[in-house]
Amino acid sequence: ECQKYHKRKNRTWVAIIDVDEYMTYNIIQDDDPILIVEEDTPEQFLTLDYVEAMNKTRSHLRQVLEKDKTVFEYINENNQNEPWKSEVCHLMSRLFFSAVDSPTEVLANATISQYGLDPIQFSTLRYFHHAQRGKFDYNHYGKVIVDLSRTHRKE
């Protein structure tokens, strides 16, 4: 019903996430895992060409972030590129952040001071401690973002 509602409103991409979750860019970090393969991972996502293309895309995300583009703006501008063009429903990896206050020096390096924000005042900005990337034990199942403009409504 939720997706039908948004489709009637001519919405395009809709994120199926909880109210206490948010989307952000998956920038390459020092603690990125090597390729993790679940037993039902489609073969097309395991090819060297695909993995290299995704890493190339992710390597440019810092510049996108610096231009203050929202995730939605980025997807709309790149919807003819992978991974957006191949799937109507895109599974986003999940990274669990815990309610452990980050040290002051970590918050100082969070690159949000240019916006005049105090990270201590925002529960979404003050916690940088997270589970190990790529590990299912704490991160659990991913979330999806759906391109409703490419779905066909069934009555």
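This is a predicted model, so every value here is computed, not measured.

Quick notes on the rules
- Residues numbered from 1 in each chain as written.
- Predicted model: local features only at pLDDT ≥ 70, side-chain atom pairs only at ≥ 80, totals over all residues.
- Heavy atoms only, no water.
- Buried < 20%, exposed > 50% of the residue type's maximum accessible area, 1.4 Å probe, protein only.
- Helix = DSSP H or I, 4+ residues; strand = E, 2+ residues; numbered from the N terminus.
- Pairing = 2+ DSSP bridges.
- pLDDT = per-residue confidence, 0-100.
- Salt bridge = Lys/Arg side-chain N within 4 Å of Asp/Glu carboxyl O.
- Axes fitted to C-alpha atoms, helices over the stretch in contact; angles between N-to-C directions.
- Core = buried A, V, L, I, M, F, W, Y, C linked by side-chain atoms within 4.5 Å.
- Contact = heavy atoms within 4.5 Å.
- Phe/Tyr/Trp six-rings, centres within 6.5 Å; stacked < 30°, edge-to-face > 60°.
- Patch = residues over 30% accessible without salt bridge, like charges linked within 9 Å, V, L, I, M, F, W, Y side chains within 5 Å.
- Areas by Shrake-Rupley, 256 points an atom, 1.4 Å probe, with all protein chains shown as cover.

## Re the pairing of strand 2 (residues 89-92)
Residues His90 and Met92 of strand 2 are buried on one face, while the alternating residues Cys89 and Leu91, pointing to the opposite face, are not. Sheet topology note: the strand 2/strand 3 (residues 143-147) ladder contains four bridges and is antiparallel. Bridge pairing in strand 3 links histidine 90 to isoleucine 145.

## Observations regarding the confidence of the model for the chain
Of the residues in the chain, 81% have a pLDDT of 70 or more, and the chain-wide mean is 76. Across the chain, helix 4 (residues 71-77) holds the top mean pLDDT of 87, while helix 6 (residues 136-139) sits lowest at 70.

## Observations regarding the pattern of salt bridges
Close approach of charged atoms lets side chains of opposite charge pair. By the definition in use, this model includes four salt bridges. As a salt-bridge pair, glutamate 77 and lysine 69 come within 2.5 Å of each other at their nearest N and O atoms. Taking the shortest distance from any N to any O, the salt bridge between aspartate 147 and arginine 150 comes out at 3.7 Å. A residue is classified by how much of its surface remains accessible, and aspartate 147, at 5% relative accessible area, is buried. Judged by relative accessible area, which is 31%, arginine 150 ranks as partly exposed.

## Comments concerning the sheet that holds strand 2
In spatial order, the strands read 1-3-2; together these three strands make up an open sheet with antiparallel pairing. One side of each edge strand has no neighbouring strand; the edge strands of this open sheet are strand 1 (13-16) and strand 2. Ignoring strand direction, the axes of neighbouring strands in this sheet form an average angle of 20°.

## Focus on the nonpolar core
The biggest cluster of nonpolar side chains holds eleven residues, and these are Trp13, Tyr25, Ile27, Leu61, Val64, Val71, Tyr74, Ile75, Trp84, Met92 and Ile145. Those elements that place two or more of their residues in this core are helix 3 (61-66) and helix 4. In terms of residue count, the dominant contributor to this core is helix 4 (three residues). Leave out the neighbours within four places in its chain, and valine 64 touches Tyr25, Lys69 and Tyr74.

## A few points about the packing of aromatic side chains
Applying the stated rule across the entire model yields one aromatic pair. Centre to centre, the rings of tryptophan 13 and tryptophan 84 are 5.5 Å apart; their planes meet at 80°, and the pair counts as edge-to-face. Taken as a pair, tryptophan 13 in strand 1 and tryptophan 84 in the loop between helix 4 and strand 2 lie far apart in primary sequence, 71 residues in all. Across the pair, tryptophan 84 and tryptophan 13 agree in class, each one buried.

## A word on the side chain of lysine 143
For lysine 143, the location among the structural elements is in strand 3. For lysine 143, the residues in contact, after removing those within four places along its chain, are Ile16, Ile17, Asp18, Glu21, His90, Leu91, Met92 and Arg94.

## Some words on a nonpolar patch on the surface
Among the surface-exposed residues, Tyr115, Leu117 and Phe122 lie close enough to one another that they form a single nonpolar patch of about 270 Å² accessible area. As for its placement among the helices and strands, phenylalanine 122 is situated in the loop between helix 5 (104-108) and helix 6. Residue classification places phenylalanine 122 among the partly exposed positions, given a relative accessible area of 34%.

## Quick notes on the environment of proline 83
With respect to the element layout, proline 83 can be found in the loop between helix 4 and strand 2. Looking at proline 83, the relative accessible area reads 9%, which means it is buried. Residues proline 83 and alanine 53 lie 30 residues apart in sequence; the distance between their C-alpha atoms is 9.2 Å. Not counting residues within four places of it along the chain, the set of residues in contact with proline 83 comprises Tyr50, Met54 and His90.

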